[in-house]
Amino acid sequence: IEAQISTIAGENGRTAFVVIVLRDVTQRHRVEQMRVDFVANASHELRTPLASLLGFVETLQGPARNDAAAREKFLDIMRSQANRMSRLIDDLLSLSRIELNAHVQPDKPVELGAVVGHVADTLGPLAQDRSVTLSVDKRVPMLEVRGERDELIRVFENLVENAIKYGASGGKVEVTLDSQPKPQGKGREAVVTVRDYGPGIEAEHVPRLTERFYRVDAAKSREKGGTGLGLAIVKHIVARHRGRLGIESVPGESTVFSVRIDQID
Ligand code: ADP
């Protein structure tokens, strides 16, 4: 709590009133703390691959200078570390751009069936690599919402990519598109779900998954090329579309991420 004390003089010059303003600054401090943590986390995430890159440069200039086989191997690792830094910077820039526009509701008509079709085409090769069967079940011919096509592509790319990465290798990833009556009020909403049959997520982690850099298993996420920002980006885009993001997981059975956005009537 922050206190501000001021006095108001009376006619005879003496203090007539004392005004004490008490302000609850908990929220402000929380936001400030989050900002500090974010900068610290982002710096750490960038410094790790950078330290590894510098280490390999030194080895290449020193002990491995004349070792052709080692050089090839190290250059491969260096390339993947540099790619990781580049992905991280792209994600950080996306997040800040989305946040900057948070108050503007995107309003172009976007057909979600086409968006998901595009995502399935893009991620087909990754699914194939992991022997995952990716299926799309369109239960309605058209599913139109107001939004920003590129951002919605980003949402479903992140969700489907996570389902492929964290789901069971050799398993299934199912995307469904449907239209449902809104729980309150009139009109309908588009509901897109992405389901995988991987190990799932323990309940204690679920509320924190959309925090920046939160990972259930950081080593596993890094190994799979994750930045820890995917679901934070998803959450911000869905919020900008005045939509709702749902996460339900039964560990050992299946995990479902759902996105609900009002349809254009
Ligand atoms: P990352 O870049 O680490 O994938 P995300 O923000 O996309 O970051 O996801 C955060 C974390 O949520 C992941 O590190 C992973 O632990 C967990 N997660 C996301 N999707 C799934 C899923 N389908 N099944 C199990 N865990 C998941």
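Residues numbered from 1 in each chain as written. Predicted model: local features only at pLDDT ≥ 70, side-chain atom pairs only at ≥ 80, totals over all residues. Heavy atoms only, no water.

Here five strands make up an open sheet; going across it, the order is β4-β6-β7-β9-β8 and the pairing mixed. Since the sheet does not close on itself, it has two edges, and those belong to β4 (133–138) and β8 (244–250), each with one partner. Averaged over all adjacent pairs, the angle separating strand axes in this sheet is 15 degrees, with direction ignored. Where strand β6 (residues 172–181) meets strand β7 (residues 188–196), nine bridges bridge the pair, whose relative direction is antiparallel. (Pairing = 2+ DSSP bridges. Helix = DSSP H or I, 4+ residues; strand = E, 2+ residues; numbered from the N terminus. Axes fitted to C-alpha atoms, helices over the stretch in contact; angles between N-to-C directions.)

Turning next to the environment of Arg154. Summarising the element assignment, Arg154 is placed in helix α4 (residues 149–166). Put simply, Arg154 and Ile233 are 79 residues apart on the chain and 8.4 Å apart in space, counted from C-alpha to C-alpha. Excluding residues within four positions of it along the chain, Arg154 makes contact with Asp91, Ser94, Ile233 and Ile237. A distance of 2.6 Å separates polar atoms of two side chains, one belonging to Arg154 and the other to Asp91. (Contact = heavy atoms within 4.5 Å. Polar contact = N/O pair within 3.5 Å; in protein donor to acceptor, adjacent residues only side chain to side chain.)

Okay, the UniProt feature "domain: Histidine kinase" (unreviewed entry) in the protein chain next. In the numbering used here, UniProt assigns the "domain: Histidine kinase" (unreviewed entry) feature to residues 41–265. Structurally, residues 41–265 is divided into 48% helix and 22% strand, and its ends, taken at the C-alpha atoms, are 43 Å apart. (UniProt positions renumbered as here; feature names shortened; annotations may be inferred.)

Before going further, it helps to examine the site of the ligand. Taken together, 18 residues sit near the ligand, with Tyr166, Asp196, Ser221, Gly228 and Leu231 positioned nearest. In the environment of the ligand, an oxygen atom lies 3.2 Å from a nitrogen or oxygen atom belonging to the backbone of Val216. At 2.8 Å from an oxygen atom of the ligand is found a main-chain nitrogen or oxygen belonging to Gly228. If the ligand stood free it would expose 530 Å²; the protein chains cover 95% of that surface. Only α4 and α6 (230–240) provide two or more residues apiece to the shell around the ligand. Ranked by the residues each element gives to the shell around the ligand, the list is headed by α4, at four residues. Of the residues belonging to the shell around the ligand, the class tally is nine nonpolar, six polar and three charged. (Near = heavy atom within 4 Å. Areas by Shrake-Rupley, 256 points an atom, 1.4 Å probe, with all protein chains shown as cover. Nonpolar A, V, L, I, M, F, W, Y, C, P; charged D, E, K, R; others polar.)

In this section: the nonpolar core. Counting 43 residues, the largest nonpolar core has Leu112, Val155, Phe156 and Leu159 as its most contacted members. Considering every element that reaches this core, the biggest residue donor is α4, with eight residues. Here Val155 is in contact with Val234, Ile237, Val238 and Val259, once residues within four sequence places are set aside. In terms of nonpolar packing, the next biggest core, distinct from the first, is built from eight residues, Leu60, Ala64, Ala70 and Met78 among them. (Core = buried A, V, L, I, M, F, W, Y, C linked by side-chain atoms within 4.5 Å. Buried < 20%, exposed > 50% of the residue type's maximum accessible area, 1.4 Å probe, protein only.)

Along an α-helix, residues three or four positions apart point the same way, because every turn accommodates 3.6 residues. With eight of its eleven residues buried, α6 lies for the most part within the structure. Within α6, burial applies to Gly230, Leu231, Ala232, Ile233, Val234, Ile237, Val238 and Arg240. Contact partners of the buried residues in α6: α2 (68–100), α4, β8 and β9 (254–262). Within two residues after α6, Arg242 carries a phi angle of roughly 55 degrees, on the positive side.

This brings us to the pairing of β8. One ladder, built from seven bridges, connects β8 with β9; its direction is antiparallel. Bridge pairing in β9 places Gly246 opposite Ser258.

Before going further, it helps to spend a moment on the side chain of Glu45. Within the secondary structure layout, Glu45 lies in helix α1 (residues 26–61). The buried category is assigned to Glu45, whose relative accessible area is 7%.

Before going further, it helps to spend a moment on α4. For α4, spanning 18 residues, the distance from its first C-alpha to its last is 26 Å, which sits close to the expected 26 Å at 1.5 Å a residue. Those residues of α4 that sit buried are Glu151, Leu152, Ile153, Val155, Phe156, Asn158, Leu159, Val160, Asn162, Ala163, Ile164 and Lys165. (Expected span 1.5 Å × (residues − 1).)

Per the counting criterion, the structure on display carries 16 salt bridges. One salt bridge in this structure joins Arg240 and Glu151, with 3.1 Å as the shortest N-O distance. Separated by 89 residues along the polypeptide, Arg240 in helix α6 and Glu151 in helix α4 bring together distant segments of the chain. Assessed through its relative accessible area of 6%, Arg240 is described here as buried. In this structure, Arg208 and Glu211 form a salt bridge, with 2.9 Å as the shortest nitrogen-oxygen distance. Owing to a relative accessible area of 39%, Arg208 belongs among the partly exposed residues under this scheme. Members of the salt-bridge network, linked through shared partners, are Glu45, Arg84, Arg215 and Arg222. (Salt bridge = Lys/Arg side-chain N within 4 Å of Asp/Glu carboxyl O.)

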